[in-house]
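# Overview (structure and organization)
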Amino acid sequence: MSREDNSIPNLTPEEATNIIAATAACWRVGVPTFWWGVPGEGKSALHKAMATAAEAWFCPWILSQRSPEDLGFPYEGEMEGPGGRMLKVVKRSNPAEFVKACLLAEQGKRSLHFFDEVNTPDDSIRKAVMTVLSDRYIGDLDLSDPLIMMAAAGNPPGQGVGAMDLEPAMASRFAHFQWGRLPGSWVDRGLTEGWQVPAVPAWCSDEALAQGRKDMTHKMVAFNRNTGRKWSQQKPVRGCWGWGNSRTFDWATRALGAAAAMGLSIEQEGLIVDGLLGRGAGVEWCSFREATSTLMDPEQALAMKMRGEEVPFPGRGDLVYALVESIVAAVLNHPGGVTGERWEAAFKVLFQSEQNADIAVDPGTRLMRHQPCVAGSKKRWPMPKEALNLVALLRD
């Protein structure tokens, strides 16, 4: 969707809270965010308040007032040479703001770098910002630590002095969110009680984050297949938000893992998907998540099959795929490791019906790569006939 749409949405308190929650999930895993909105609607103030809520040092960068050397890029200077002659030289210095961020990260502390007016400065500034966001290096400073968070904001074309669309290469460096006019109740409360940010979701532990990402990885694979992989086959155009590519799919999966660990709603997850994969992807993600929320628990399916019972499959192929993906994930990610009984039961579920055999090929191939050993032995667990069926399908 192009940013040429100059309409300014009026946000409800729920919509504003959803954007803030989705933004926080992106920051948790180091995914840069971009808020689109007109001047004067609280973007900078809310980012500062959110940084405070996340116990992060807030560092604003007003790019219309900056030059590339402020961001650590080489610049031409002078130094005294032999005989007192002044020589032209190329200089470079590490920005004090990034030095402080690295020192804070070493101490386990967070920082948020907020780049404002990203789509208004000249080309040299935009290229400098893109380098910081994509390479996460400036000089000899490594900015890749997730504790060093990045965010940006800009005005849609026609709503800010010199505001322009982002090039596709730069647009894909952010998760995009549409900010709008503040809810009237917030304005009333801000005028009478002071401006405050709504509750930011609690920062999740690394353990919860890792589990959330595992769960969401398999859901994202099923979603991509369910939508005909159309979101991973887009062609970027100038003026787009994010668009599906290897980086944005990886970022979406990571941010969704954080969303799961932080307890975000499906609607808030949809904002993340929309902002990274393109307008419309979030709606399809929400539909997919709501449809799969009623699927049988994978542990229940494994237990039924180990008792020799038939597992009831959904009527839709995309839901069958989501179910078998969740079963494979449950086997491969089990805290006790991959056991022979669970591994065999998973194969029996996957190939329970010949009608769904084609759906089971991809997850079954992944399962095949993790053939376990018999307990207390180096001998491999016997290959069930269902696994042999997979081999026959692959040969065909």
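Residues numbered from 1 in each chain as written. Predicted model: local features only at pLDDT ≥ 70, side-chain atom pairs only at ≥ 80, totals over all residues. Heavy atoms only, no water.

Before going further, it helps to spend a moment on the environment of R380. With respect to the helices, strands and loops of the structure, R380 is situated in the loop between α14 (357-368) and α15 (385-395). Distance in space between the C-alpha atoms of R380 and G340 is 8.9 Å, their sequence separation being 40 residues. Apart from residues lying up to four places away in sequence, R380 is in contact with Q371, P372, C373 and V374. A polar atom in the side chain of R380 sits 2.3 Å from the backbone oxygen of Q371. (Helix = DSSP H or I, 4+ residues; strand = E, 2+ residues; numbered from the N terminus. Contact = heavy atoms within 4.5 Å. Polar contact = N/O pair within 3.5 Å; in protein donor to acceptor, adjacent residues only side chain to side chain.)

This next bit is on the pattern of salt bridges. Throughout the structure, instances matching the rule amount to 10 salt bridges. Residues E310 and K305 are paired through a salt bridge, measuring 3.8 Å at the closest nitrogen-oxygen approach. Here E310 falls in the exposed class, since its relative accessible area comes to 56%. The salt bridge partner of E325 is R366, with a shortest N-O separation of 2.7 Å. With E325 in helix α12 (residues 317-332) and R366 in helix α14, this pair connects stretches of sequence that are 41 residues apart. Looking at E325, the relative accessible area reads 1%, which means it is buried. Three or more residues are tied together by salt bridges with common partners; here these are R213, D250 and R254. (Salt bridge = Lys/Arg side-chain N within 4 Å of Asp/Glu carboxyl O. Buried < 20%, exposed > 50% of the residue type's maximum accessible area, 1.4 Å probe, protein only.)

Assignment of secondary structure puts H113 in strand β5 (residues 110-116). Owing to a relative accessible area of 0%, H113 belongs among the buried residues under this scheme. Setting aside its immediate chain neighbours within four residues, H113 contacts W57, C59, W61, E97, F98, A101, I148, M149, M150 and A151.

Bringing the nonpolar core into the picture now. Counting residues in hydrophobic clusters, the biggest one holds 84 residues, and the most contacted among them are W35, W179, I272, W285 and L367. The leading source of residues in this core is α12, at 11 residues. Counting 28 residues, the second-largest nonpolar core is a separate cluster that includes W36, C59, L141 and A171. (Core = buried A, V, L, I, M, F, W, Y, C linked by side-chain atoms within 4.5 Å.)

With respect to the secondary-structure elements, E15 resides in helix α1 (residues 13-28). By relative accessible area, which is 36% here, E15 ends up partly exposed. Placed 164 residues apart in sequence, E15 and W179 show a C-alpha to C-alpha distance of 9.3 Å. At a separation of 2.9 Å, a polar atom in the side chain of E15 contacts the main-chain amide nitrogen of T12.

This paragraph deals with the packing of helix α11 (residues 298-306) against helix α13 (residues 340-350). Across the interface, α11 lies against α13 with an axial gap of 9 Å and an inter-helix angle of 90 degrees. Considered as vectors, α11 and α13 are oriented roughly perpendicular to each other. In contact with E299, A301, L302, K305 and M306 of α11, α13 contributes E341, R342, A345, A346, K348 and V349. The residue inventory of the contact of α11 with α13, partitioned by class, reads 6 nonpolar, no polar and 5 charged. (Axes fitted to C-alpha atoms, helices over the stretch in contact; angles between N-to-C directions. Parallel < 35°, antiparallel > 145°, perpendicular 65-115°, else oblique. Nonpolar A, V, L, I, M, F, W, Y, C, P; charged D, E, K, R; others polar.)

Now for helix α9 (residues 266-277). If you check α9, its first and last C-alpha atoms are 16 Å apart, about what 12 residues at 1.5 Å a residue would give, namely 16 Å. Along α9, 9 of the 12 residues are buried, which leaves the element largely enclosed by surrounding structure. Buried residues of α9: Q268, E269, G270, I272, V273, D274, G275, L276 and L277, and no others. Contacts from the buried residues of α9 go to α1, β9 (175-178), α7 (206-226), α8 (246-261) and α10 (281-292). (Expected span 1.5 Å × (residues − 1).)

This next bit is on the pairing of strand β8 (residues 148-154). Here β8 lies mainly inside the structure; 7 of its 7 residues are buried. Side chains I148, M150, A152 and G154 project from β8 onto one buried face, and the interleaved M149, A151 and A153 project onto a second face that is buried too. In the sheet, β5 pairs with β8 via 6 bridges, with the strands oriented parallel. Bridged to F114 within β8 is A151. (Pairing = 2+ DSSP bridges.)

Treat this as a map of the structure, not an account of what it does.
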